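Reading the structure
Each chain, written out:
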Amino acid sequence: MQVETAGIRMSESENKLDVHTQSSTQGSFRTSSKSWQYSDHMENVAGYLMKYTNLVTGWQYRYFVLNNEAGLLEYFVNEQSRGQKPRGTLPLAGAVISPSDEDSHTFTVNAISGEQYKLRAADAKERQHWVSRLQICTQHHTEAMGKTNPPLKTRSMSTTSQGSASSPGSQRRISHNAGSLLGLSQFHRGSSPYSSKRSLLPDHLVEAREMMSQAQGQHRDLVQCIEGLPSSQGPSPLDQDLLLLKATSLATMTCLSDCFHILQLQQVARQKVPLGGPTIEWLEPKLPDILKNGGTLASITKDDSKMQGTVLEPIEMDSCDIAWEQEDIDAEEEQEDSCPVEEEDLGAVEEERSVILHLLSQLKLGMDLTRVVLPTFILEKRSLLEMYADFMSHPDLFVAITDGACPMDRMVRFVEYYLTSFHEGRKGAIAKKPYNPIIGETFHCSWRVPKMAPSQGGVQKEGSNPSDCYSLRFVAEQVSHHPPVSGFYAECQERQICVNTHVWTKSKFMGMSIGVSMIGEGNLHLLEHGEEYAFTLPSAYARSILTVPWVELGGKVNVNCAKSGYSAAITFQTKPFYGGKLHKVNAEVKHNPTNSVVCRVQGEWNGVLEFSYSNGETRVIDVTKLPVTRKRVRPNDQQGPYESRRLWKHVTESLQQRDMEKATEHKRFLEERQRKEERHRTETETPWRTKYFERKGEGWMYHKPLWKTVSGRSSSPAAPQPNP
């Protein structure tokens, strides 16, 4: 993009600037230029600068005009629209112009009202020109303001911001400050709608109001003290640091005013909701679902009454016992999964942009999103527990780990399985969020793995003889709600291989991305060889959440087998800001006793991977061409009430019908029921009991792992002993 620099030309030989001046009579720029060195002469300047808007929009090019006569910095979308009303206007009287320390191009304009423009020029010379012109204009109009508005001891706080009424944003702030800043003067005058019913304000709000009244008085004293300084000696009332201090103080009080106003509305909302109605947890760091989807407070009661007529499976407070009961899964009842493999495009992003913007406006960088309810339309039509099952989408590679002829071969086979297990977890190119599992929720499935690998001609067909296949079973359970921890376990009894994993998904807001740390550990057991592989999981990132979100993996993963002495270091690389490729990964398999690297891997985790061995051999795997074995699940009507697909059935159906309102209602019903059950357990002091996983130290272990059943059988004289 070509950046116009306001007709600024630098003559290196004379170290002078040529500036195109503006003609105010015709509303356009004439190119009568004159040469000058930096002086106190005030000139109108215009040109393109980058303006930082917010975390969502970031930096945008805008056309700025310095109006020296009016003492205003105005900006437009582009040069062609400068004849229209400015997009924004910032008064310069009392403003502070500050070059930034972060680079040589950025500077800020801080108005006396607290409003700030963060701007970036094309280079250091252009920044210096803008800063110097703005400072000259600011000084002129600040002195003029001091002459026409002498300091008065009785000056109210609202008058400290006069001169900024030209800006639409600051005009709103000043009218707010002048009429009802903090709402404190209204409280004392009795004109507040809440003053006639003091009982509406609980004690903590009354105390907050009194403390803010004191803060208002201190702010007023600060302003009067600064404006009462004699201009003849010592610091002037127009000193830039003192002006910035006043602006900061006013901005702080305005922010406190907004916060206090929100608390008042929340208190009124609580008292308007009828007794026995829904509990709206306003003060938690989240918003009700209905507000996330653009609704209003008045619509909450209406939507809850609508939910009362919704046909859902009733589960009473004794559902804790239902959730705890273990189920015997009959493999013969399972059928090959018929759910669509690909998720449709997220076409609602553009339509729901305002919802996303509303949500992002509530978030802060690094904020934990565990308790934040996200909009329904970004949901993937399955639970997180089911998504974990996709780690087994290549079950033939999983069971083939134990076929390795030596410890090195088995470690390389594990790395091969591990690196190819992630791409199938995405049902499309667009990132969507799976359902947050309800505590006690479970998911069961299995795979039939041909005893002859697909690469050797083995083909799995529906209805094929189960005796020709290995059976790989999978179970997952949500064992904790806060923090959200899932446990999942898979085993192939015939091949004496099993894996146990527990994961705590910790998400945080990162501006234009959402990062999810998968905290936990997995343990793979090869019982035939007596080996155990401990491994961790990478972090996941949803990038470009305002446009077309996509998934990226990042972080370092370690795999270690204590018995064999082999380990692997895997690095998922995130794309750098400039250049670089997406989804890159590299790995090294090392023999720790000799500190020798026996195999290196590089490529893309969702593309082509190249394995290079120490003997010079290489092998290439294209993960997009690997055969995918579809899991087998029981029909929804045969599942238990806490199994994922049956539990989320109504939400899934509503999403398939693109009925976001109904999907939100069903989702909120499940989440509210979970909260009620949690409150019930707290009131009755009933501890939560898991079904299939037991707490072991800092982790969770499947209650009947394969190594326990094998060791139990091995105690019998007739039982075969595992190979060394």
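Right above here is the structure, for reference.
Before going into details, it helps to say that this report is about the structure given with it. In this text, all values refer to a predicted model and were calculated from it rather than measured experimentally.

For the rest of this paragraph, the subject is the sheet that holds strand S9 (residues 106-110). Strand order in the open sheet made by the seven strands is S7-S6-S5-S4-S10-S9-S8, with antiparallel pairing throughout. Strands at the two margins of the open sheet, each flanked by one partner only, are strand S7 (88-91) and strand S8 (96-99). In this sheet, neighbouring strand axes are inclined to one another by 35° on average, regardless of whether the strands run parallel or antiparallel. For strand S4 (residues 45-52) and strand S5 (residues 59-67), the ladder comprises eight bridges, and the chain directions are antiparallel. Across the sheet, Ala46 pairs through a bridge with Val65, a residue of S5.

We now examine the packing of helix H15 (residues 649-656) against helix H16 (residues 660-684). H16 packs onto H15 with a crossing angle of 165° between their chain directions and a minimal axis gap of 8 Å. By the angle class used here, H15 and H16 are roughly antiparallel. Note that H15 runs across H16; the crossing there is left-handed. Taking contact as the criterion, the partners of His650, Val651, Ser654 and Leu655 in H15 are, on H16, Met660, Lys662, Ala663, His666, Lys667 and Leu670. The residue makeup of the contact of H15 with H16, split by class, is five nonpolar, three polar and two charged.

Within H15 the residues assigned to the buried category are Val651, Thr652, Ser654 and Leu655. Down the axis, H15 shows its buried residues gathered within 165° of arc, on one side only. Looking at the buried side of H15, the elements it contacts are strand S12 (379-383), strand S13 (433-435) and H16. Among the residues trailing H15, Arg658 stands out with phi positive, at a value near 60°.

Between His482 and the following residue, Pro483, the backbone shows a cis peptide bond with an omega angle of 0°. Along the chain, the position of Pro483 falls in the loop between strand S15 (469-480) and strand S16 (485-492). You will see that Gln496, though not glycine, has its phi angle at about 55°, which is positive. Relative to the elements of secondary structure, Gln496 occurs in the loop between S16 and strand S17 (497-509). Phi at Arg658 takes a positive value of approximately 60°, unusual for a residue other than glycine. Mapped onto the secondary structure, Arg658 falls in the loop between H15 and H16.

Definitions and limits used
- Residues numbered from 1 in each chain as written.
- Predicted model: local features only at pLDDT ≥ 70, side-chain atom pairs only at ≥ 80, totals over all residues.
- Heavy atoms only, no water.
- Pairing = 2+ DSSP bridges.
- Helix = DSSP H or I, 4+ residues; strand = E, 2+ residues; numbered from the N terminus.
- Axes fitted to C-alpha atoms, helices over the stretch in contact; angles between N-to-C directions.
- Parallel < 35°, antiparallel > 145°, perpendicular 65-115°, else oblique.
- Left-handed = near helix turned anticlockwise from the far one by under 90°.
- Contact = heavy atoms within 4.5 Å.
- Nonpolar A, V, L, I, M, F, W, Y, C, P; charged D, E, K, R; others polar.
- Buried < 20%, exposed > 50% of the residue type's maximum accessible area, 1.4 Å probe, protein only.
- Arc of directions from axis to C-beta.

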